[in-house]
Amino acid sequence: MATHANNAARKVGNDSNLSEHHRARAGSASKSVHPMDNFPVRQFRFNFDTVENHNPIWSQSNPDFAIFINALGIHVPHFERFLVKVMRQYRGELSEPKLIDDVQRIIGQESHHAFNFVNWTKEMAKRYPDVLKLDESAKAWFEQAASRRSQRFKIGFTAGYETFTFLGGMIILNRYEELMAVADPTLRALWVWHQVEEVEHGAVAFDFYRAFYPDDEWYRRGMVCYAYSHIAWETLKAFAHMIKTEGFYKQPRRAFKAWKFFAGFAWDLAVAALPVLSRKYHPRNHPICTNSQNAIAIAWRQFYSEGNDLHSLSEKSVKEMMTSP
Ligand SMILES: [Fe+2]
Ligand SMILES: [Fe+2]
């Protein structure tokens, strides 16, 4: 998968849509600006009524990816609200000003993510009859964990889970062309926004864990594995329901292709997580994050800071974003 991600990074880097300027900017950004520095809280409110034909399979480039990420996204807002709760509950014990500031920022970012994902789940429920049931059970799991589990579990699980939102963010942005070059503008905008921000705050939950448990490395590693299995299981349940509803099982080859994508992505994510198990690991130094800054993410952040509205990302606006001076 690292190979996959690297190939994709190269692909994005070589894309003819990208100006020399952006390539230069990507190159110099990797030396001077790290995406995790001074990340802002951005308020986004997506209108899912505008999704083309109300079709949840929003990527024409890769419909299997659209279903996969839709399936993954059902339980995500409940984790995001769990993270907010856990950080609010324990942040009073922190003493490092930079971390206290970053915690405030991640709380802001994740709160906006959860708001939009919950609304997208409601849209998906119009097409998939079991989505609300899956949503309810995901919500109940996190509410129980928040009220019954130990401090160490809650902080450890949050750090473990955020490993994968961060890595998933990088992987998806690096494979942008393959996964969503031709896609619905609203859902593309939602996922680019989310993935950019997951990378930006990708170190905060890790630092939060280290602040409380600086020497408890085996528990941290265990929680990375536990969170992975949690994400995989939640996604698998929803994915199976969605492809069944879409009628894929009437065409075994279609179903096989969809499951192959699922397994491939799960594999990619697991391989990307291997460096995380090292004692010397820190998200800032993950090879995917530092080998090359992602051109889409750099252009998106720049475009946003210039005051452009990024609630909709058509192919034309992506091109404009990537070629703007
Ligand atoms: Fe998020
Ligand atoms: Fe996150």
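The rules we used
- Residues numbered from 1 in each chain as written.
- Chains lettered and ligands numbered in written order.
- Predicted model: local features only at pLDDT ≥ 70, side-chain atom pairs only at ≥ 80, totals over all residues.
- Helix = DSSP H or I, 4+ residues; strand = E, 2+ residues; numbered from the N terminus.
- Buried ≥ 20, exposed ≤ 12 C-beta atoms within 10 Å, placed from the backbone.
- Contact = placed C-beta atoms within 7 Å.
- Axes fitted to C-alpha atoms, helices over the stretch in contact; angles between N-to-C directions.
- Parallel < 35°, antiparallel > 145°, perpendicular 65-115°, else oblique.
- Left-handed = near helix turned anticlockwise from the far one by under 90°.
- Expected span 1.5 Å × (residues − 1).
- Arc of directions from axis to C-beta.

Caption draft 1: How the structure looks around the overall build of the protein chain. When you go through the protein chain residue by residue, the secondary structure sums to 14 helices and 0 strands. Along the protein chain, helices (α) and strands (β) appear in the sequence α-α-α-α-α-α-α-α-α-α-α-α-α-α when read from the amino end. Counting across all 325 residues of the protein chain, residues that qualify as buried make up 42%. Long-range contacts, defined here as pairs at least 24 residues apart, represent 84% of the contacts in the protein chain between residues at least 6 apart.

Caption draft 2: Examining the environment of tyrosine 219 more closely. Tracing the chain through its elements places tyrosine 219 in helix α10 (residues 217-245). The sequence separation of tyrosine 219 and phenylalanine 157 amounts to 62 residues, and the corresponding C-alpha distance is 9.6 Å. Residue contacts for tyrosine 219: discarding those within four places in its chain leaves Arg152, Gly156 and Tyr213.

Caption draft 3: Up close: the packing of helix α3 (residues 63-90) against α10. It is the contact of α3 with α10, at a shortest axis distance of 8 Å, that shows an interaxial angle of 130 degrees. With respect to α10, the element α3 is oriented oblique. As α3 packs across α10, the resulting crossing turns out to be right-handed. When α3 is examined against α10, the residues Ile67, Phe68, Asn70, Ala71, Leu72, Ile74 and His75 are found in contact with a partner set consisting of Glu234, Thr235, Ala238, Phe239, Met242 and Ile243.

Caption draft 4: View of helix α5 (residues 131-148). With 18 residues, α5 extends 26 Å between its outermost C-alpha atoms, agreeing within 8% with the 26 Å of an ideal straight helix rising 1.5 Å per residue. Three or more residues of α5 are buried, namely Val131, Leu134, Asp135 and Ala138. Considered in projection along α5, the buried side chains sweep an arc of 100 degrees and stay on one side of the axis. Residues of α5 that are exposed and point more than 90 degrees away from the buried face comprise Glu136, Ala140, Gln144, Ser147 and Arg148.

Caption draft 5: A look at unusual backbone geometry. Residue asparagine 53 is not a glycine yet carries a positive backbone phi of 55 degrees. Along the chain, asparagine 53 turns up in the loop between α2 (20-32) and α3. Within the chain, histidine 54 stands out as a residue other than glycine whose phi angle is a positive 50 degrees. Structurally, histidine 54 is set in the loop between α2 and α3.

Caption draft 6: Quick peek at the environment of phenylalanine 142. Following the sequence through the fold, phenylalanine 142 ends up in helix α5. With 61 residues separating them in the primary sequence, phenylalanine 142 and arginine 81 have C-alpha atoms 8.5 Å apart. Aside from chain neighbours lying at most four places away, what touches phenylalanine 142 is His78, Phe79, Arg81 and Phe82.

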